[in-house]
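Each chain, written out:
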Amino acid sequence: MSTTKNNHPVHGAGLGLRREVIDAMASISNDQVDFMEVAPENWIGVGGAYAKKFRAFTERFDFILHGLSLSIGGPSALDEELVKSIGQLMQQHGIKFYSEHLTYCSDDCHLYDLLPIPFTEEAVHYTAERIKRVQDILGQQIAMENASYYTPAPGGEMQEIDFIKAVLDEADCSLLLDVNNIYVNSINHGYDPVEFMLSLPAERIAYGHIAGHYNEADDLIVDTHGADIIENVWQLLDKTFENFGAFPMLLERDFNIPPIPELLSEVDRIKASQQKWSDSSKHLDGQARG
């Protein structure tokens, strides 16, 4: 079992805060959820009642911002004003960390989808430079998420895993390890999800995501964040913690949101897996010392 460095911005098991259920989520305690996450685009410039409600959450929980629209691999100029607004939101609410998708989603306008970057050496250098610029503006390291995709971008000359690792190394940024995205891509593109996970760099992991998806066909899964997590993904999470040790993991649920107790039951399962492999790690450490 490999172990990650102690570079995690949060700890434990997290849950995405969604505005449509913000009142229902107000009953969640710190014993039930360790940290929360929001898309900064949904909260920049928000005032009034929702701003007060958001403040009540950020005063009680550690938060991460997970961006939707930076388009880090896109052809248009980097949106530095957005990055500065994100930095301001982090300062206003004492938010510890920011992550984004290793994708692009815009050219002259927003495309409202997360599209794959071509897996090329040129794209590695281009994307890494843009990540470094974001980190310079924010004054801290950020994390990039391994993304789901449905068809490779044309002109690819590298494997997905090699592209991800090359970008992380050149940009010297962290990894947001999305367990469900690994599973989705393994079905859609025909590779072994465990082999892919084992190839990710342990020392880069900041935190993780897990979510549900939709089975369009036997060989096509759509990453929706709108369903319960299936058993195969839970098993992959367990193998991920077995290999890397227990690290912070967040449940994403973006729509078809069930009652809060049902959401918390999945958070509890994350906690149980973390505890299992935390205890295992302590046992192995004790054996080594003995």
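Below is a summary of the structure that appears in this document. Since this is a predicted model, take the numbers as computed values, not measurements.

**Describing helix α6 (residues 179-189)**
Thinking step 1. The buried fraction of α6 is high, at 9 of 11 residues.
Thinking step 2. For α6, the complete set of buried residues consists of V179, N180, N181, I182, Y183, V184, N185, S186 and N188.
Thinking step 3. Sitting at the amino-terminal end of α6 is D178, which places a side-chain oxygen 3.1 Å from the backbone nitrogen of N180.

**Some words on the environment of L264**
Thinking step 1. Following the sequence through the fold, L264 ends up in helix α9 (residues 260-289).
Thinking step 2. When the C-alpha atoms of L264 and I44 are compared, they prove to be 27 Å apart, with 220 residues separating the residues in sequence.

**Thoughts on the sheet that holds strand β9 (residues 205-211)**
Thinking step 1. Taken together, the 8 strands give a closed barrel; going around it, the order is β1-β2-β3-β4-β7-β8-β9-β12, and neighbouring strands pair in parallel fashion. Within this sheet the neighbouring strands show an average axis-to-axis angle of 30°, counted without direction.
Thinking step 2. Relative to strand β12 (residues 249-252), strand β1 (residues 13-16) runs parallel, the two being bridged by 3 bridges. Bridge pairing in β12 places L15 opposite L251.
Thinking step 3. Contacts from α6 reach β7 (143-145), β8 (174-178), β9 and β12, with the element oriented near 65° to β8.

**Brief notes about the pairing of β1**
Along a regular strand, successive side chains alternate from one face of the sheet to the other.
Thinking step 1. Of the two faces of β1, the one carrying A13 and L15 and the one carrying G14 and G16 are both buried.
Thinking step 2. Pairing of β1 with strand β2 (residues 35-38) involves 3 bridges; the strand directions are parallel. Opposite G14, over in β2, you have F35 as the bridge partner.

About the criteria used
- Numbers given for residues are sequential positions, taken from 1 along each chain in its written order.
- For this predicted model, a pLDDT threshold of at least 70 governs which residues receive local features, and a threshold of 80 or more governs which side-chain atom pairs are given and counted, while totals over whole chains, interfaces and linings are taken from all residues.
- Excluded from the side-chain calculations are hydrogens and water; all other atoms, namely the structure's heavy atoms, are used.
- The cut-offs for exposure are 20% and 50% of the maximum accessible area for each residue type, with area from a 1.4 Å probe on protein chains only; residues under the lower value are buried, those over the upper are exposed, and the others partly exposed.
- Elements are defined by DSSP. Helices are runs of H or I of four residues or more, strands are runs of E of two residues or more, and each kind is numbered from the N terminus.
- Two N or O atoms count as a polar contact when they lie within 3.5 Å, although within protein this holds only if one can serve as hydrogen donor and the other as acceptor, and sequence-adjacent residues are included solely when both atoms are side-chain atoms.
- Two strands pair if DSSP finds at least two bridges between them.
- For helices, the fitted axis covers only the stretch in contact; all axes are lines through C-alpha atoms, and the angles between them, taken along N-to-C directions, range from 0 to 180 degrees.
- Every residue pair with non-hydrogen atoms within 4.5 Å of one another is taken to be in contact.

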